[in-house]
Number of protein chains: 2
Amino acid sequence: MTTRTASERRAEAAQRYDAYLAACPTRQLLDRISDKWVTLVLSALAGGPQRYSDLSRRIAGVSQKMLTQTLRSLERDGLVSRAVTPSVPVRVDYALTPLGSTLMPLLAHIKEWAEHHMDEVAAARTGYDGASGSAAP
Amino acid sequence: MTTRTASERRAEAAQRYDAYLAACPTRQLLDRISDKWVTLVLSALAGGPQRYSDLSRRIAGVSQKMLTQTLRSLERDGLVSRAVTPSVPVRVDYALTPLGSTLMPLLAHIKEWAEHHMDEVAAARTGYDGASGSAAP
DNA sequence: CAGAATCCAAGGGGATACTG
DNA sequence: CAGTATCCCCTTGGATTCTG
């Protein structure tokens, strides 16, 4: 028999599962919209096209690295478009693509659920914390 | 005048924005369901109550640490319930709470969008990669 | 069986400086 | 203005070991 430890089998299963997860479109979408900045950028663009500096100001807490990285990945996925105007100081405008626009209703639903139920979650959280830990810092 | 560097102002803005983000229910919900294992556990429980070991087997690639951690946070948020049966080997059953059940339709919508549009995303991705990088490994 | 505790490696993400 | 490149910290998460 193949002398195979439990951890080896575990590792193998993990790999197969990772592949399965990577292939799952739901997982991919979740990974995309769950990014800290993605939804903020998308929301910012929902009001209309924005320049890079506008986005930078509107989202405030974001670093150039993250903003650029987020915009690149969104552009790559066809959710936002990037238009360069080669004026003297370069000008770049970002906008939602039609595909990106179809994603917004989903975010709206999530927003609704959150607004309707997040207080229940908060209550459950408080109850849970108070039940065992007594004193929560 | 207050001698304040740009980075100081940036840092301040970032802090304020972090607070804003932390307070936003949408952000909280996204942070929750975007977790790699949360949706898997939730989906596994959608078919009915499951024991700890059952979940461990069904989700396969998960480590005890992550499974336990995920279940704890979900229990804390009132999305899953935990029932301990003090038999000789302890038995613990997890199940979706009513609140947790109301979350499933959202995941279904996400799943639908993903299944309908993920090929467009994939196409956009391929086009983007082929346009600039020429050779993609 | 169900879980807590510890150790440790990899990667995400911020700050900074430089470029076209 | 709109990025790119670099350094570096600190969190995330897997493997392992020990308990009730």
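Every chain begins its residue count from 1, and numbering advances along the sequence as written. Both sets of labels track the order of writing: A upward for chains, 1 upward for ligands. Totals for whole chains, interfaces and linings use all residues, but because this is a predicted model, local features are given only for residues with pLDDT of at least 70 and pairs of side-chain atoms are given and counted only at 80 or more. Each side-chain value is worked out from all heavy atoms of the structure, with water and hydrogens disregarded.

- Under an unreviewed UniProt entry, chain A has the name HxlR family transcriptional regulator and belongs to Pseudonocardia hierapolitana.

1. Overview of the pairing of strand E3 (residues 91–96) of chain B
Residues and elements named next belong to chain B.
Next up, step 1: Three exposure classes are used, based on accessible area relative to the maximum for each residue type with a 1.4 Å probe and protein chains only: buried under 20%, partly exposed in between, and exposed over 50%. Strands are runs of DSSP state E lasting at least 2 residues, helices are runs of H or I lasting at least 4, and numbering of each runs from the N terminus. Burial runs high along E3: five of the six residues are buried.
Next up, step 2: A pair of strands is considered paired only if DSSP assigns at least 2 bridges between the two. By the bridge criterion, two bridges tie strand E1 (residues 50–51) to E3 in an arrangement that is antiparallel. Note on E3: the bridge partner recorded for Gln50 is Tyr94.
Next up, step 3: Here six bridges tie strand E2 (residues 80–85) to E3, and the two strands are oriented antiparallel to one another. Residue pairing across strands places Arg82 opposite Tyr94, the latter belonging to E3.
Next up, step 4: Linking two consecutive strands that pair antiparallel, namely E2 and E3, is a turn of five residues.

2. Let's talk about the sheet that holds strand E1 (residues 50–51) of chain A
Each strand in a sheet pairs with its neighbour through backbone hydrogen bonds, running either in the same direction (parallel) or in the opposite one (antiparallel).
Next up, step 1: Across the sheet, which stays open at both edges, the three strands sit in the order E1-E3-E2 (chain A) with antiparallel pairing between neighbours. Of all strands in the sheet, those with a lone pairing partner are E1 and strand E2 (80–85) of chain A, marking the two edges.

3. Things to note about the protein's contact with DNA strand C
Next up, step 1: Only heavy atoms are used to decide nearness, and a residue is near a molecule or strand if one of them lies within 4 Å of it. By nearness alone, 18 residues border DNA strand C, and A:Lys65, A:Met66, B:Tyr52, B:Ser53 and B:Arg82 come closest of all.
Next up, step 2: Across the atoms of DNA strand C situated within 4 Å of the protein, the share located in sugar and phosphate is 68%.
Next up, step 3: The term polar contact refers here to a pair of N or O atoms within 3.5 Å; inside protein, the definition further demands a hydrogen-donor-capable atom paired with an acceptor-capable atom, and it admits residues adjacent in sequence only when both atoms are side-chain atoms. The separation between a phosphate oxygen of DNA strand C and a polar side-chain atom of B:Ser53 is 2.7 Å.
Next up, step 4: Between DNA strand C and B:Arg72, the relevant distance is 3.2 Å, taken from a phosphate oxygen to a side-chain nitrogen or oxygen of the residue.

4. Structural notes on the protein's contact with DNA strand D
Next up, step 1: For DNA strand D, the set of nearby residues contains 18 residues, the closest of which are A:Ser53, A:Arg82, A:Tyr94, B:Lys65 and B:Met66.
Next up, step 2: Counting only atoms of DNA strand D within 4 Å of the protein, the sugar-phosphate share comes to 68%.
Next up, step 3: The contact in question runs from a phosphate oxygen of DNA strand D to an N or O atom on the side chain of A:Ser53, over 2.8 Å.
Next up, step 4: One of the side-chain nitrogen or oxygen atoms of A:Arg72 is found 3.3 Å away from a phosphate oxygen of DNA strand D.
Next up, step 5: Broken down by secondary-structure element, the contributors of at least two residues to the surface near DNA strand D are helix H4 (52–59), helix H5 (64–76) and strand E3 (91–96) of chain A together with helix H5 (64–76) of chain B.

5. Side note on the relation of the copies chain A and chain B
Next up, step 1: With an RMSD of 0.0 Å, the operation that places chain A on chain B is a rotation of 180° combined with a shift of 0.0 Å along the axis. Accordingly, the operation relating the two chain copies is best matched by a two-fold axis. Measuring from the rotation axis to each C-alpha of chain A, the shortest distance belongs to A:Ser34, at 2.5 Å.
Next up, step 2: In what follows, residue pairs with any heavy atoms lying within 4.5 Å of each other are defined as contacts. Take the interface residues of chain A: 100% of them recur as interface residues in chain B, which is what a same-surface contact looks like. We place the copies in one frame by least squares, fitting the C-alpha atoms of every residue whose pLDDT is at least 70 in both.

6. Details of the UniProt feature "domain: HTH hxlR-type" (unreviewed entry) in chain A
Next up, step 1: In the UniProt entry, the feature "domain: HTH hxlR-type" (unreviewed entry) is given for residues 24–122 of chain A.
Next up, step 2: Structurally, residues 24–122 of chain A is divided into 65% helix and 14% strand, and its ends, taken at the C-alpha atoms, are 31 Å apart. UniProt positions are given in the numbering used here, feature names are shortened, and annotations may be inferred rather than shown by experiment.

7. A few points about the interface of chain A and chain B
Next up, step 1: If you look at the interface, chain A gives 49 residues, while chain B gives 50 residues.
Next up, step 2: What counts as buried area is the accessible surface, traced by a 1.4 Å probe, that two parts surrender upon association, with contributions from both included. The junction of chain A with chain B conceals about 4,500 Å² of combined surface from both sides, 65% of it contributed by carbon and sulfur atoms.
Next up, step 3: Of all residues in chain A, the largest losses of buried area upon contact with chain B belong to A:Arg76, A:Trp113 and A:Tyr128, amounting jointly to 16% of the total for that side.
Next up, step 4: The rule for a salt bridge is simple: a side-chain nitrogen of Lys or Arg has to be within 4 Å of a carboxyl oxygen of Asp or Glu. At the boundary of chain A and chain B, one finds four salt bridges.
Next up, step 5: The closest approach of N and O atoms between A:Asp129 and B:Arg76, which form a salt bridge, is 2.5 Å.
Next up, step 6: Seen at the junction of chain A and chain B, the total is 14 residue pairs in polar contact (both at pLDDT 80 or more).

8. Quick word on the sheet that holds E1(B)
Residues and elements named next belong to chain B.
Next up, step 1: Within the open sheet, the three strands sit side by side as E1-E3-E2. Their pairing is antiparallel. Every interior strand has two partners, whereas the edge strands, E1 and E2, have only one.
Next up, step 2: Packing of helix H3 (residues 38–46) onto the sheet brings it into contact with E1, E2 and E3, and relative to E3 it is tilted by some 95°. The axes used here are C-alpha line fits, helices contributing only the stretch in contact, and every angle between their N-to-C directions lies in the interval 0 to 180 degrees.

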